[in-house]
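Results of the structural survey
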Amino acid sequence: MRALFLYCLSLSASVWAQSSAVDAYVASESPIAKAGVLANIGPSGSKSSGAKAGVVIASPSSTNPNYLFTWTRDSSLVFKALIDQYTLGLDTTLRSEIDNFVSAETAQQQVSNPSGSVSSGGLGEPKFNIDLSAFTGAWGRPQRDGPALRSTALITYANWLIANGNASYVSSTLWPVIKLDLGYVVSFWNQTGFDLWEEVSSSSFFTTAVQHRSLREGAALATALGDTAAAQYTTQAANILCFLQSYWNPNGLYMTANTGGGRSGKDANTALASIHTFDAAAGCDAVTFQPCSDKALSSLKVYVDAFRSIYTINSGVASNAAVATGRYPEDSYMGGNPWYLTTAAVAEQLYDAIIVWKRTGNIEITSISLAFFQQFSSSVTTGVYASSTTTYSDLLAAVQTFADGFLVINAKYTPSGGGLAEQYSRSNGAPLSAADLTWSYAATLTAFGARAGVVPASWGASGLTVPSSCSTNSGGGGGVGTVSITFNEFATTVFGENIYLTGSIDALQNWSPDTALLLNTDNYPTWSITLNLPASTTFQYKFIRKFNGAVTWESDPNRQFTTPASGSSVINDSWR
Ligand SMILES: *[C@@H]1O[C@H](CO)[C@@H](O)[C@H](O)[C@H]1NC(C)=O
Ligand SMILES: *[C@@H]1O[C@H](CO)[C@@H](O)[C@H](O)[C@H]1NC(C)=O
Ligand SMILES: *[C@@H]1O[C@H](CO)[C@@H](O)[C@H](O)[C@H]1NC(C)=O
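Just so it is clear, the structure is predicted and the values come from calculations on it, not from any experiment.

Bringing the pattern of salt bridges into the picture now. Under the definition given, this model contains 24 salt bridges. Taking the shortest distance from any N to any O, the salt bridge between Lys301 and Asp305 comes out at 2.6 Å. Remark: Asp305 and Lys301 occur in helix 9 (residues 294–305); sequence separation between them is four residues, near one turn of the helix. One network of salt bridges, in which partners are shared, links Arg73, Asp74, Asp145 and Glu198.

What follows is about the UniProt feature "binding site: substrate" (unreviewed entry) in the chain. Annotation from UniProt places "binding site: substrate" (unreviewed entry) at Trp139. Tracing the sequence through the fold places Trp139 in the loop between strand 2 (127–128) and helix 4 (146–163).

The next subject is the site of ligand 2. In the neighbourhood of ligand 2, the contacting residues comprise Trp189, Asn190, Gln191, Thr192, Ser203, Phe243, Cys470, Thr472 and Asp506. Asn190 is positioned with one of its side-chain polar atoms (N or O) 2.4 Å from an oxygen atom of ligand 2. Within the contact set of ligand 2, an oxygen atom lies 3.5 Å away from a side-chain nitrogen or oxygen of Ser203. When ligand 2 sits alone it has 360 Å² of accessible area, and the protein chains cover 71% of it. Residues of the shell around ligand 2, tallied by class, amount to three nonpolar, five polar and one charged.

Turning next to the state of the cysteines. Cysteine pairs can be covalently joined through their sulfur atoms, and such a bond is termed a disulfide. Summed over all chains, the structure comprises two disulfides. Across the disulfide from Cys242 sits Cys470; the S-S distance is 2.0 Å. Handedness of the Cys242-Cys470 disulfide follows from its S-S torsion of about -90°: it is left-handed. One end of the pair, Cys242, is in helix 7 (residues 230–245); the other, Cys470, is in the loop between helix 13 (438–451) and strand 11 (482–490), and 228 residues separate them in sequence. One disulfide in the model links Cys284 with Cys292; its S-S distance is 2.1 Å. Looking down the S-S bond of the Cys284 and Cys292 bridge, the torsion is -105°, so its handedness is left-handed. Here Cys284 falls in the partly exposed class, since its relative accessible area comes to 34%. Residue class for Cys292 comes out buried when judged on its relative accessible area of 4%. Sequential numbering of the bridged cysteines in the chain gives the disulfide pattern 1-4, 2-3.

Definitions and cut-offs
Residues numbered from 1 in each chain as written. Chains lettered and ligands numbered in written order. Predicted model: local features only at pLDDT ≥ 70, side-chain atom pairs only at ≥ 80, totals over all residues. Heavy atoms only, no water. Salt bridge = Lys/Arg side-chain N within 4 Å of Asp/Glu carboxyl O. Helix = DSSP H or I, 4+ residues; strand = E, 2+ residues; numbered from the N terminus. UniProt positions renumbered as here; feature names shortened; annotations may be inferred. Near = heavy atom within 4 Å. Polar contact = N/O pair within 3.5 Å; in protein donor to acceptor, adjacent residues only side chain to side chain. Areas by Shrake-Rupley, 256 points an atom, 1.4 Å probe, with all protein chains shown as cover. Nonpolar A, V, L, I, M, F, W, Y, C, P; charged D, E, K, R; others polar. Disulfide = S-S within 2.5 Å. Buried < 20%, exposed > 50% of the residue type's maximum accessible area, 1.4 Å probe, protein only.

Here it is as structure tokens:
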């Protein structure tokens, strides 16, 4: 009895010590993270010289790696965090930064780039030079989360402006920009693209989740402004919500991050999707993957557990305590390491969950979330636990401790000046890769905010139902159709050798040499194939030779083509 009492006392002392360690980290790191974000925004940020007004650089690092570019995804997530601070009244000094961002994005949308023009898929271009000119080098493009995330940031601002008597500015200046992005989502959500880590070309849970959100809040804003596009947004949002459910892996009990890529599918992608589509009004709804939903909590456990044994710095940590997490366990970029922003995202998802449990006054445990909760109490069973029960208060405290643990780990590996790079070493925790990553700072600020109970504005996630059968956006609803494309490749071959085609989209087998498409020899030495491909789509491709089981690829760079909006095209290439 006495031993147990002492054990409990020391346990609660360590919990108390941890919580005050997080308090100290929040106090010291908050101003550094905020200054770190602002330093990376043009025109006057101290580390972003050369960036146009409102342009967010990913990092000042210009070599190994060179991140001195602006990504639509990173910029939009960063500005969503700033717009939340402004519109929630937490920082009233940000108005001119936000207005600069609006101007920068308005200009950037119109810049023709390798993904197309503003009307032919160019909004899916992932990154630009910091003077807002197009980046024309080879890259994993398109990435279809950018327009959705940008519209979400701008819609948050627009809703606040309308509520504060400035609807005319919304109609004249914000809505045309938002509408272009929403139109892109409507047209392209049902096509593959590169994921948020810019590596896998397939469908991606994060992308689909943020696309769904953008059309829901876009429909509400369109209605408020009297724009009839609202109906189209609502129709496609329902289709996307239906598709979103298909990522669930019922055996592994987690959302599979990507439909392609040949990995486990355990990925920070899903925790990030959950926090960036958080809507406290939706409670613990699993259909929209709310942070406290059974599916999101189970996915979080599976994701976190994937890093317990692979990083040296996680060794010796109890199997139910926080560990450093990275993008996905198979990651090999820079050696495959923990990231500040992914570890912070885990904490944020848990804090968001706590916000909702406190609001609703209960915690529900289902068979799907049981393993998550059993980490904290091996004897707990499924059921609904009201705030008056000790099970509720014990679990709430345990999840708070678990969440704080992730921030303690980031704190431990934050260097003394408080600067946050992209990653820290899996073997010794030393900072790695790009210094002063804007997204690391923004992710830290939003995790701190969630810990303090900050609740972003609702986006309409509550009460949604999933259609009984899933539809695509083609045929009605303003979607895109297909066009006929003939590929001619001039290539002399030896007997038994054949020419195949593969590329970055589903219809071109997603870069698979095994399932690449065989061309015909009707006009040898020109090899040919005619395919129906999605209209107004930019893709990359290459021809390959197969002979006696050996595969030879054409030399770099990848070839690229944008299909027309309608009709047909012929592409004449020659082996290289
Ligand atoms: C509306 O907001 C814009 C952008 O910040 C600002 O320039 C304009 O002065 C505002 N108008 C009114 C009437 O507040
Ligand atoms: C398009 O939507 C359908 C219906 O949800 C789905 O089966 C298909 O996988 C989707 N394809 C892409 C590339 O989004
Ligand atoms: C492609 O080659 C065919 C046959 O040589 C020719 O008729 C056609 O004009 C060429 N098309 C383009 C777009 O170069």
